[in-house]
There are 2 protein chains.
Amino acid sequence: MSQQAVDGVPRRGKVLTLDNMNPNVKRVEYAVRGPIVQRAVQIEKELREGIKKPFTEVIKANIGDAHAMGQKPITFLRQVLALCSYPELLEDDKFPSDAKKRARRILEACGGHSIGAYSASQGIECIRQDVAAFIERRDGGIPSNPDNIFLSTGASDAIVTMLKLLVCGEGRDRTGVMISIPQYPLYSAALADLGAVQINYYLDEDKCWGLDVTELKRALNEARQHCDPRVLCIINPGNPTGQVQSRKCIEDVIRFAKEEHLFLMADEVYQENVYAENCKFHSFKKVLFEMGPEFSSTVEMASFHSTSKCYMGECGFRGGYMELINLDPEVKAQLIKLVSVRLCPPIPGQALLDLVVNPPQPNEPSYTTFTKERTAVLATLAEKAQLTEQIFNTVPGITCNPVQGAMYTFPRITLPQKAIDEAKVCSIYTPHQPDLFDCTKYEFVCVCVNRKRVRSQTCSTV
Amino acid sequence: MSQQAVDGVPRRGKVLTLDNMNPNVKRVEYAVRGPIVQRAVQIEKELREGIKKPFTEVIKANIGDAHAMGQKPITFLRQVLALCSYPELLEDDKFPSDAKKRARRILEACGGHSIGAYSASQGIECIRQDVAAFIERRDGGIPSNPDNIFLSTGASDAIVTMLKLLVCGEGRDRTGVMISIPQYPLYSAALADLGAVQINYYLDEDKCWGLDVTELKRALNEARQHCDPRVLCIINPGNPTGQVQSRKCIEDVIRFAKEEHLFLMADEVYQENVYAENCKFHSFKKVLFEMGPEFSSTVEMASFHSTSKCYMGECGFRGGYMELINLDPEVKAQLIKLVSVRLCPPIPGQALLDLVVNPPQPNEPSYTTFTKERTAVLATLAEKAQLTEQIFNTVPGITCNPVQGAMYTFPRITLPQKAIDEAKVCSIYTPHQPDLFDCTKYEFVCVCVNRKRVRSQTCSTV
């Protein structure tokens, strides 16, 4: 409690100050919406006010927000959501019968047939069944149990919840969590918030941001000196690096997790965003089960998916799920209790997820339009991925790997020595952050999502 | 890491077990969806299977879930949500012009004019402006700044976020948080999860569950022996006790918070659920400002509201907000960073909140229907409140206070000595929980939401 004596009377400061607030929260960094984004917003404002700059527009590429960038929603998804929101429309001839059928099924599963009721905390049961059926189709028939599916408020919610379960111990016994660098900063933010130990493993820019088990081993062995590494987080397709892991790589990772007794967290929210011709998405679950019972009955895993990416891009609905493999039943009971405290994920997001995992079928009236819209979105994303790579590689000082998947590229920008020197003496930015400095001072049209430098004197931005 | 040697080969157990998971999560209790609810679900199943019982229906009263209990959604709210979900309907003559106007305004404030885009993490700006205007109207013109409004995923989300900011210290310096008993178990669950110290203050059943500052002082002084009390949580109207605080009581609480240097958290999600004729809702903010600058410029406070209760009952949308008063600007910057990690609250919930704070006006076409529906819902809730109280008081062994507000009653049930004795020796329940035992064994139609006993040999359930 900060107190100052004024005229002999003790004067109290605020109850809550930077000095006495939760120290873990202070340690959280979240560059996706950090100082560079704030500077970008300021530049936009300056442009609107008529201030002259060598460009006329700011394209915010700090986050995968498809609709904000002009991508149109898929008609079928929105029709069903409108029907669920205002069931009087079920009598309206404008809506196709399959959209009405989906809406009726969702409403029947809701308390009082209203999406305004709470659902079970784990999510609406028939939607979890549809998710399980979707996973089985995707993975060539490998069984999925709806009891192991937890719906969530976007994938972020599920990822943070799983990390929370896994964190314990103090000092050298504190849980360590391995994350890829470059990373999606949700991971480092959640680990700081939970007071867990972040263990960095580096993706190899020279091998198209590939993951190598030798590097995992190095990172793990170093971390064992000072913490208890228990979790390995993988993002595939990669965010923000855009690589797609080969089947061989996934097998290696699973073998490594088993040997080293690590809980696997597979962030697979970009599973339909694969553009490169020689690449294919392999789910960790499928590979795990195809490696035989020695692996499929032992390796503990959570896999995450979302309605925010792929062809839907419905970020605003905050829909998502996780599937749990080989989770200890007692821990699962604790998880069910934990998610119940927040009551339930938003029902519109749950409904949307149901449509994503149970889209129109060839014999249904919405199939043709749905397929056309879906294909068009994915084709546009593939085209943009290629264009981004090509254009970056024409700029002197910038090199960029092929974008195999996801929604990002992570080019290398070689800064002039003068800029680096200036950053070091500039007081408004933290020294030794020339990449951040560069973006804010030189007003790049691209905005950094990740400021972790891969090599000295270079930096990578999106 | 649990290891057993089998045939000389060390055999590893699960990576994640009850023994090595996050101990704070294990400490979390959440009775609203705990063992009694599970038993109720089982009884429902048994009834469906034709098992004979002395009743034919289970009424789940464990949670305020209006739509699940048959309350119909308000037409205007759902019309606007349908328009936002599927903007093609903006051309449809079936929808009134004011619904379209609201939908257009919300869509224009969304990235790419789609509710599928992320919003600012603090919430859509024009909605925060509408919330501030709503608060100003409610509080007779006392200014509200949209920059101090944070939209949230239901009120629970905002409450947990604020508690997270406030928790720090170890041992005797650990943050203590004062909560009312009987309580809404979100509070105890969140405090266990955050490892904060729960400080119980007891509401007075004999004074219609009133709050007395003498009891606050007792609880605070006792707690100061073993922790650092920094936060006072108030629920008004009361959950689960249904009392409505007088203006005098609120003034006393504010004075106490100032004197004792406590951060005030005012859970006001039932602010429109006031039924008793001699009761009125007074917002903590209004009373604070009417007490003069000595209080209004110093007492730090967060006030919470939600779309889940009142006349809307739209729990499934997970909409809500908090307003912050006198928060340290540096702490606010940390809060903005923290909420950004979860990207944004669901947009349908934000849109719904906008309609709640900006409902149809007398000159608008939806006004009459809206007002009729709203009045009817509130009248029905008032009638049910009275009925519940009356019926409980006719049952031998049950007494019940008047339900002044909110959506709950918290009757006292005097258990026969024989039942208490049986509970003590019954191995499947924790001993000394005869209230829980009673519910599960004797299959009461009412389900406990809160098992904290107020006096020995009696228990209070909803």
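Since we're looking at a predicted model, the values are computed, not measured.

Rules of the game
Residue numbering note: each chain is counted from 1, following its sequence as written. All chains are assigned letters beginning with A, and all ligands numbers beginning with 1, in the order in which they are written. Residues qualify for local features only when their pLDDT is at least 70, as the model is predicted, and side-chain atom pairs are given and counted only at 80 or more; totals for whole chains, interfaces and linings, by contrast, use all residues. The basis for every side-chain value is the complete set of non-hydrogen atoms in the structure, without hydrogens or water. Secondary structure elements are taken from DSSP: a helix is a run of H or I of four residues or more, a strand is a run of E of two residues or more, and numbering for both begins at the N terminus. Summary of the burial criterion: residues with accessible area below 20% of their type's maximum are buried, those above 50% are exposed, and those between are partly exposed, where the area comes from a 1.4 Å probe applied to protein chains only. Only heavy atoms enter the contact rule, under which two residues are in contact if any of them lie within 4.5 Å. Note on areas: Shrake-Rupley with a 1.4 Å probe; residue coverage comes only from the protein chains shown. Salt bridges are defined by distance alone: a side-chain nitrogen of Lys or Arg within 4 Å of a carboxyl oxygen of Asp or Glu. Summed over both partners, buried area is the accessible surface (1.4 Å probe) that two parts give up on being assembled. Polar contacts, as counted here, are pairs of nitrogen or oxygen atoms within 3.5 Å of one another; within protein the pair requires one atom able to donate a hydrogen and one able to accept it, and residues that are adjacent in sequence qualify only if both atoms are side-chain atoms. When the copies are overlaid, the least-squares fit takes in C-alpha atoms only where the residue has pLDDT of at least 70 in both copies. The angle between two axes is taken between their N-to-C directions and runs from 0 to 180 degrees, where each axis is a line fitted to C-alpha atoms and a helix contributes only its stretch in contact. Roughly parallel means an angle under 35 degrees; roughly antiparallel, over 145; roughly perpendicular, 65 to 115; everything else is oblique. Two helices crossing with the near one rotated counterclockwise from the far one by less than a right angle form a left-handed crossing, whereas a clockwise rotation gives a right-handed crossing. Charged means Asp, Glu, Lys or Arg here, nonpolar means Ala, Val, Leu, Ile, Met, Phe, Trp, Tyr, Cys or Pro, and polar covers whatever is left, Gly included. By the convention used here, strands pair only if DSSP detects at least 2 bridges between them. Viewed with both strands pointing away, a crossover whose connecting path from the first strand over the helix to the second turns clockwise is right-handed. Known as pLDDT, the predictor's per-residue confidence is scaled from 0 to 100. When charges are counted, Lys and Arg are positive and Asp and Glu negative, with His and the chain ends excluded. A pair of aromatic rings is counted whenever rings of Phe, Tyr or Trp (Trp by its six-membered ring) have centres within 6.5 Å, and the orientation is called stacked for planes under 30 degrees apart, edge-to-face for over 60 and tilted otherwise. Two distance rules govern patches: like charges are joined within 9 Å, and nonpolar side chains (Val, Leu, Ile, Met, Phe, Trp, Tyr) within 5 Å, applied only to residues with over 30% relative accessible area and no salt bridge. Here, nonpolar core means buried Ala, Val, Leu, Ile, Met, Phe, Trp, Tyr and Cys residues that are tied together by side-chain atoms lying within 4.5 Å of each other.

## Some points on the overall build of chain A
(1) Moving on: Regarding its fold elements, chain A presents 16 helices and 12 strands.
(2) Moving on: Counting every position in chain A, which comprises 462 residues, the buried fraction comes to 63%.
(3) Moving on: Sequence-distant contacts in chain A: of pairs separated by 6 or more residues, those separated by 24 or more amount to 67%.
(4) Moving on: Only carbon and sulfur atoms are counted for the fraction: they give 52% of the accessible area of chain A, which is about 18400 Å².

## Brief notes about the pattern of salt bridges
(1) Moving on: Applying the stated criterion across every chain yields a total of 50 salt bridges over all chains.
(2) Moving on: Between A:Lys285 and A:Glu323 there is a salt bridge, with its nearest N and O atoms 2.8 Å apart. Linking A:Lys285 in helix H10 (residues 284-290) with A:Glu323 in strand E9 (residues 319-325), this pair joins segments that are 38 residues apart in sequence.
(3) Moving on: Looking at A:Lys285, the relative accessible area reads 1%, which means it is buried.
(4) Moving on: For B:Arg218, the salt bridge is made with B:Glu215, and the minimal N-O distance between the two is 2.7 Å. Of this pair, B:Arg218 and B:Glu215 both sit in helix H8 (residues 213-223), three residues apart, which is roughly one turn of the helix.
(5) Moving on: Judged by its relative accessible area of 16%, B:Glu215 falls in the buried class.

## Things to note about the interface of chain A and chain B
(1) Moving on: Taken together, the 93 residues of chain A in the interface contact 93 residues of chain B.
(2) Moving on: Summed over both sides, the interface between chain A and chain B buries roughly 7800 Å², with carbon and sulfur atoms accounting for 59% of that surface.
(3) Moving on: On the surface where chain A and chain B come into contact, there are six salt bridges.
(4) Moving on: The partner of B:Asp157 in a salt bridge is A:Arg342, with the nearest N and O atoms 3.7 Å apart.
(5) Moving on: Along the contact surface separating chain A from chain B lie 46 residue pairs in polar contact (both at pLDDT 80 or more).
(6) Moving on: For the side of chain A that touches chain B, the secondary structure elements donating two or more residues are helix H1 (23-27), helix H3 (75-85), helix H6 (154-166), helix H7 (186-194), helix H9 (247-260), helix H12 (329-341) and helix H13 (347-357) of chain A.

## Digging into the relation of the copies chain A and chain B
(1) Moving on: You can overlay chain A on chain B at an RMSD of 0.0 Å; the transform is a turn of 180° with a shift of 0.0 Å along its axis. This pairing of chains is accounted for by a two-fold axis. For chain A, the residue whose C-alpha comes nearest the rotation axis is A:Ala82, separated from it by 2.1 Å.
(2) Moving on: Same-surface contact between copies: 100% of interface residues of chain A are shared with the interface of chain B.

## Looking at the packing of helix H3 (residues 75-85) of chain B against helix H13 (residues 347-357) of chain B
All names here are of chain B.
(1) Moving on: Running from N to C, H3 and H13 cross one another at 140°; their axes reach a closest spacing of 10 Å. One finds that H3 runs oblique with respect to H13. Here H3 runs over H13; the crossing is right-handed. Every residue of H13 that contacts H3 at Phe-76, Leu-77, Val-80 and Leu-81 is listed here: Pro-348, Ala-351, Leu-352 and Leu-355.
(2) Moving on: Looking at the contact of H3 with H13, its residues break down into eight nonpolar, no polar and no charged.

## Quick look at H3(A)
(1) Moving on: Of all 11 residues in H3(A), 10 are buried, a share of seventy percent or more.
(2) Moving on: Buried within H3(A) we find A:Phe76, A:Leu77, A:Arg78, A:Gln79, A:Val80, A:Leu81, A:Ala82, A:Leu83, A:Cys84 and A:Ser85.
(3) Moving on: Where the residues of H3(A) are buried, they touch helix H4 (97-109), H13 and helix H14 (367-394) of chain A together with H3 of chain B.

## As for unusual backbone geometry
Residues and elements named next belong to chain A.
(1) Moving on: Across the junction of Ile-181 and Pro-182, the peptide omega takes the value 0°, indicating a cis bond.
(2) Moving on: Relative to the assigned elements, Pro-182 resides in the loop between strand E4 (175-181) and H7.
(3) Moving on: That bond from Asn-239 to Pro-240 is cis: its omega, 10°, falls within 30 degrees of zero.
(4) Moving on: Within the secondary structure, Pro-240 is located in the loop between strand E6 (228-235) and H9.
(5) Moving on: Its identity is not glycine, yet Arg-318 carries a phi of approximately 55°, on the positive side.
(6) Moving on: Taking the relative accessible area as the measure of exposure, Arg-318 reaches 2% and is therefore buried.

## Describing the sheet that holds E4(A)
Residue and element names in this part refer to chain A.
(1) Moving on: Strand order in the open sheet formed by seven strands is E3-E9-E8-E7-E6-E4-E5, with mixed pairing between adjacent strands. Each edge of the open sheet carries a strand with a single partner, namely strand E3 (149-153) and strand E5 (197-202). Within the sheet, the average angular offset between the axes of one strand and its neighbour, ignoring direction, is 25°.
(2) Moving on: Pairing analysis gives four bridges linking strand E7 (residues 263-267) to strand E8 (residues 301-306), with the strands arranged parallel.

## Some remarks on the sheet that holds strand E9 (residues 319-325) of chain B
Residue and element names in this part refer to chain B.
(1) Moving on: With mixed pairing, the seven strands of this open sheet are ordered in space as E3-E9-E8-E7-E6-E4-E5. Two strands bound the open sheet, and with one partner strand each, they are strand E3 (149-153) and strand E5 (197-202). Strand after strand, the sheet turns through a mean of 25° between neighbouring axes, direction not considered.
(2) Moving on: In the sheet, strand E4 (residues 175-181) pairs with strand E6 (residues 228-235) via four bridges, with the strands oriented parallel.

## With respect to the pairing of E7(A)
Residues and elements named next belong to chain A.
(1) Moving on: By the criterion of burial, E7 is predominantly enclosed, with five of the five residues buried.
(2) Moving on: Every second residue of E7 is oriented toward a common face, with Phe-263, Met-265 and Asp-267 on one face and Leu-264 and Ala-266 on the other, all of them buried.
(3) Moving on: As paired elements, E6 and E7 share five bridges and run parallel to each other. Counted as the bridge partner of Cys-233 is Met-265 from E7.
(4) Moving on: Read from E6 through H9 to E7, the crossover connection turns out right-handed.

## Description of the environment of B:His282
All names here are of chain B.
(1) Moving on: Relative to the helices and strands, His-282 is located in the loop between strand E7 (263-267) and helix H10 (284-290).
(2) Moving on: Note on His-282: relative accessible area 17%, which makes it buried.
(3) Moving on: Expressed as a C-alpha distance, the spacing of His-282 and Arg-138, which sit 144 residues apart in the sequence, is 9.5 Å.
(4) Moving on: Here His-282 is in contact with Asn-236, Gln-245, Ser-246, Arg-247, Ile-250, Glu-268 and Val-287, once residues within four sequence places are set aside.

## What about the confidence of the model for chain A?
Residue and element names in this part refer to chain A.
(1) Moving on: Averaged over all residues, the pLDDT of chain A is 88; the fraction at 70 or higher stands at 88%.
(2) Moving on: Taken together, the stretch residues 1-5 has pLDDT below 50 and engages in 13 contacts with residues farther than four places along the chain or on a different chain.
(3) Moving on: Note on residues 437-462: pLDDT is under 50 here. Beyond four places in sequence and across chains, it has 97 contacts.

## Brief notes about the side chain of A:Asp98
Residue and element names in this part refer to chain A.
(1) Moving on: Position of Asp-98 among the secondary structure elements: in helix H4.
(2) Moving on: It is Arg-102 that comes nearest to the buried, bridge-free Asp-98 among opposite-charge side chains, at 5.3 Å.
(3) Moving on: Non-local contacts of Asp-98, meaning those with residues more than four positions away in its chain, are made with Phe-76, Pro-360, Glu-364, Pro-365, Ser-366 and Tyr-367.

## What about the pairing of strand E8 (residues 301-306) of chain B?
Residue and element names in this part refer to chain B.
(1) Moving on: Burial runs high along E8: six of the six residues are buried.
(2) Moving on: A two-sided burial pattern is seen for E8, the buried positions comprising Met-301, Ser-303 and His-305 on one face and Ala-302, Phe-304 and Ser-306 on the other.
(3) Moving on: Pairing of E8 with E9 involves six bridges; the strand directions are antiparallel. Bridging across to E9, Ser-303 finds its partner in Glu-323.

## A few points about the packing of aromatic side chains
All names here are of chain A.
(1) Moving on: Throughout the structure, instances matching the rule amount to 10 aromatic pairs over all chains.
(2) Moving on: Ring centres 5.6 Å apart and planes at 85° place the aromatic pair Tyr-270 and Tyr-408 in the edge-to-face group. Taken together, the residues Tyr-270 in the loop between E7 and H10 and Tyr-408 in the loop between strand E10 (398-399) and strand E11 (412-414) connect sequence positions 138 residues apart. When sorted by exposure, Tyr-270 lands in the same class as Tyr-408, which is buried.
(3) Moving on: Members of the aromatic cluster, connected to one another through ring pairs, are Phe-76, Tyr-311 and Phe-370.

## Digging into a nonpolar patch on the surface
(1) Moving on: A contiguous nonpolar patch, built from A:Leu387, A:Ile391 and A:Val395 and spanning about 240 Å² of accessible area, is present on the exposed surface.
(2) Moving on: Examined against the element boundaries, A:Val395 turns out to sit in the loop between H14 and E10.

## Quick look at the nonpolar core
Proteins that are soluble and globular tend to have nonpolar side chains buried together.
(1) Moving on: Counting residues in each nonpolar core, the largest one holds 196 residues, and the members touching the most others are A:Met162, A:Met265, B:Met162 and B:Met265.
(2) Moving on: Apart from the residues within four sequence positions on either side, B:Met162 is in contact with A:Leu16, B:Phe263, B:Met265, B:Ala302, B:Phe304, B:Met322, B:Leu324 and B:Leu327.

## Some words on the environment of B:Ser283
Residue and element names in this part refer to chain B.
(1) Moving on: Inspection of the secondary structure assignment puts Ser-283 in the loop between E7 and H10.
(2) Moving on: Ser-283 sits in the buried class, given a relative accessible area of 2%.
(3) Moving on: Taking the C-alpha atoms as reference points, Ser-283 and Glu-268, 15 residues apart in sequence, are found 7.6 Å from one another.
(4) Moving on: The contacts of Ser-283, once residues within four sequence positions are left out, are Arg-138, Asp-139 and Glu-268.

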